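Structural description and commentary
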Amino acid sequence: MENKNHQILIIDLGSQYTQIIRRSLRYLGFHSIILPPGDSLKWVENNKPKGIILSGGSASVYDTDAPKITEELLSLGVPILGICYGMQWLAYINDRSSIQAVKEGKSYGPVEIAVNNKSSLFQNLRDKINAWSSHGDSVKHAPAGFEVTATSKDGSVIEAMECMPKKLYAVQFHPEVEQTEDENIILNNFARGVCGCLQDYSKKDVIAEIGKSTKEKLGNGTAIIGVSGGVDSTTLAAILAPVLGSQLKAFMIDTGGMRKDEIEKVKKIAEKTKINLTVIGHYKNKFIEKISTTIDAEGKRAKFREVYGEVFKEVAKSYGATHMLQGTLATDLIESGSAGKSALIKTHHNVDLKLGLKEIMPLSDYFKFEVREIARLFGLEELVAGRQPFPGPGLYLRVVGVPVTEELLEIVREADHEVTEILKKHQLYDKISQTVVALLGVNTVGVKGDGRAYGYSMVVRTVETVDFMTVKGFYLPPPVCEEITSALVKHPKIVRVFYDWTTKPPATTEFE
Ligand code: XMP
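Residues numbered from 1 in each chain as written. Predicted model: local features only at pLDDT ≥ 70, side-chain atom pairs only at ≥ 80, totals over all residues. Heavy atoms only, no water.

What follows is about the UniProt feature "binding site: ATP" (unreviewed entry) in the chain. Within this numbering scheme, the UniProt entry marks Ser 228, Gly 229, Gly 230, Val 231, Asp 232, Ser 233 and Thr 234 as carrying the feature "binding site: ATP" (unreviewed entry). The topology assignment puts Gly 229 in the loop between β12 (223-226) and α6 (231-244). For Gly 229, a relative accessible area of 2% corresponds to the buried category. Excluding residues within four positions of it along the chain, Gly 229 makes contact with Thr 234, Val 266, Leu 383 and Arg 387. Following the sequence through the fold, Val 231 ends up in helix α6. (UniProt positions renumbered as here; feature names shortened; annotations may be inferred. Helix = DSSP H or I, 4+ residues; strand = E, 2+ residues; numbered from the N terminus. Buried < 20%, exposed > 50% of the residue type's maximum accessible area, 1.4 Å probe, protein only. Contact = heavy atoms within 4.5 Å.)

The following block contains the structure:
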């Protein structure tokens, strides 16, 4: 029987983009596997893939320690696509004089290329596209039997070549990355058109793969997972609960800073997905006590993180945990890769807790849209729709300018709930990316009943965004503002309500 898991073999020659080739194939619906060059021949003979992709890599074909690809792969009749270093190797192996070693500087960045769309690789593609290049050496002439199928705009660089009779295809640029404006047509043409692969990779396969690889990494160990009620950690726990059984300990920390009924909602989700969830409630006062010692935004986050780390330690110890599961996504890792260069804006509470546990990040190869689709498969529509994002330190970040107290947390919790209900009633909630309702701890004068009032203000911030890197205000209609204002000023301590539609930058989404 045909094994659909073995449609495309990606041979990893050391490129930073190897995982992205697999992600792009998965996005297109194709099964693939990544292997180092040494294991590939035996694997191909045993598993009969429909195609092979040679990734890029930082080596030169002239390097003595360049990755060793077995030449026998070329004579098996399996179509091969070489990308970047993969192309240089294909050229070199067919003609030792074909490679121009780099003399100075690498070509890195966008290049405009002209393609021959009679090539099966470039069918349905425009004649000229912007592609992403990142290479040192280049192919100075195509080996005998190869035809040049794309060049740089001025014709000086060979950007693609192929030898149809031998089913060998090669591109110098990187079709797998988003910066190449081909809408994945090139990889699709290779996998479907050239190799005849089926587009049958489904979310169920993703779930099975996440379960299998996590179980392998965990071995006989015990893993803990903190479930916040957000889509990533909750979906991960739902995927792994049936696979890991008693090896998985899921817990939720009652930090005292959650939204109204949050814990009850997560408990219901846990029941539905058979996550065995323990709610840890006895640290709530410690969170409030510690955080109330400062009104500084970063100070509060540091205190939150401190207590958060303590809870994790206690949980890890009580369960004898060896591993910690994190719902970190591919994009989180990609973004944090550049974090070293960017200024610290806000510290996040669950990064680098130094618990001495091995970390497993089963979602680190996946994108948000994929996790949301999986959540839907588990019937967790309520995680995906009808719930805006909420920061880990929660309502602690929404009492601004005065020390947090249980009473003030309760005011913002209730206010957040009331605003949410009003927005839902007016069918606005799902149109807004995030709503922040905060208490501003500055006294202003008002008049309530027949007397003078001297109290705090609430501020309601509604924003629209795709990725929270930038946001713009979501302007509420005046009647909705009036309804919100009159609901919030009912509290005896609240005198005014402000609305904040400042863009990010310069403002951030949260006030702290
Ligand atoms: P900012 O305020 O940075 O927020 O524009 C962007 C998104 O991140 C959330 N946020 C946090 N989430 N811990 C979290 O888990 C935090 O410390 C934190 N600070 C901000 C914020 O709610 C928004 O969705």
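Another aspect to go through is the pattern of salt bridges. For the structure on display, the rule yields 20 salt bridges. The residue Glu 373 makes a salt bridge to Lys 203 at a minimum N-O spacing of 3.2 Å. Of this pair, Glu 373 sits in helix α11 (residues 368-377) while Lys 203 sits in helix α5 (residues 203-218), placing them 170 residues apart in sequence. Sharing partners across several salt bridges, the network here consists of Arg 398, Asp 416 and Glu 510. (Salt bridge = Lys/Arg side-chain N within 4 Å of Asp/Glu carboxyl O.)

For the rest of this paragraph, the subject is the packing of helix α8 (residues 284-291) against helix α9 (residues 297-319). Where α8 contacts α9, the axes come no closer than 9 Å and their chain directions differ by 155°. Judged by the angle between their axes, α8 and α9 are roughly antiparallel. α8 and α9 meet at a crossing whose hand is right-handed. Judged by residue contacts, Lys 286, Phe 287, Lys 290 and Ile 291 of α8 engage Lys 300, Lys 303, Phe 304, Glu 306, Val 307, Tyr 308, Glu 310 and Val 311 from α9. Residue composition of the contact of α8 with α9, grouped by class: six nonpolar, no polar and six charged. (Axes fitted to C-alpha atoms, helices over the stretch in contact; angles between N-to-C directions. Parallel < 35°, antiparallel > 145°, perpendicular 65-115°, else oblique. Left-handed = near helix turned anticlockwise from the far one by under 90°. Nonpolar A, V, L, I, M, F, W, Y, C, P; charged D, E, K, R; others polar.)

Another point: the sheet that holds strand β6 (residues 107-115). Read across the open sheet, the nine strands follow the order β2-β1-β3-β4-β11-β10-β9-β6-β7; overall the sheet is mixed. Edge positions in the open sheet fall to β2 (32-35) and β7 (128-135), since each of these has one partner strand only. Averaged over all pairs of adjacent strands, the angle between their axes in this sheet comes to 25°, without regard to strand direction. Across four bridges, strand β1 (residues 8-11) lies against β2 in parallel orientation. Residue pairing for β2: Ile 11 is matched across the bridge by Leu 35. Sheet contacts for helix α2 (residues 37-47): β1, β2 and β3 (51-54); angle to β1, the most-contacted strand, approximately 160°. (Pairing = 2+ DSSP bridges.)

Moving on, we get to the pairing of strand β19 (residues 451-464). A large share of β19 lies buried, amounting to 10 of its 14 residues. Relative to β19, strand β18 (residues 434-448) is paired through 12 bridges, and the arrangement is antiparallel. Its bridge partner being in β19, Val 445 is matched across the sheet by Tyr 454. Counted along the chain from β18 to the antiparallel partner β19, the turn is two residues long, and its residue Gly 449 has a positive phi close to 60°. Of the pairings in the sheet, the one linking β19 to strand β21 (residues 494-500) comprises six bridges and is parallel in character. Considered in β21, the bridge of Met 458 is made with Val 497.

Take helix α13 (residues 406-425) next. The terminal C-alpha atoms of α13 lie 29 Å apart, and with 20 residues this matches the ideal 28 Å at 1.5 Å per residue to within 8%. Of the positions making up α13, those classed as buried are Leu 408, Leu 409, Ile 411, Val 412, Arg 413, Ala 415, Asp 416, Val 419, Thr 420, Ile 422 and Leu 423. The inward-facing, buried residues of α13 contact α8, β17 (399-400), β18, β19, α14 (478-488) and β21. After α13 finishes, the residue Gln 427 shows a positive phi value of roughly 55°. (Expected span 1.5 Å × (residues − 1).)

What follows deals with the packing of α5 against α6. One can describe the packing of α5 onto α6 by two numbers: an axis separation of 10 Å at closest approach and a directional angle of 60°. As α5 packs across α6, the resulting crossing turns out to be right-handed. Within the contact between the two elements, α5 uses Ile 207, Ile 210, Gly 211, Thr 214, Lys 215 and Leu 218 and α6 uses Leu 236, Ile 239, Leu 240, Val 243 and Leu 244. For the contact of α5 with α6, the residue count by class is eight nonpolar, two polar and one charged.

Attention now goes to the sheet that holds strand β13 (residues 248-253). Spatially, five strands are ordered β14-β13-β12-β15-β16 in an open sheet, and the strand pairing comes out parallel. Where the open sheet ends on each side, the last strands, each with one partner, are β14 (277-280) and β16 (358-360). On average, each strand axis in the sheet is inclined to that of its neighbour by 30°, with strand direction left out of account. With four bridges joining them, β13 and β14 adopt parallel strand pairing. Each residue of the ladder has a partner; that of Met 252, found in β14, is Val 279.

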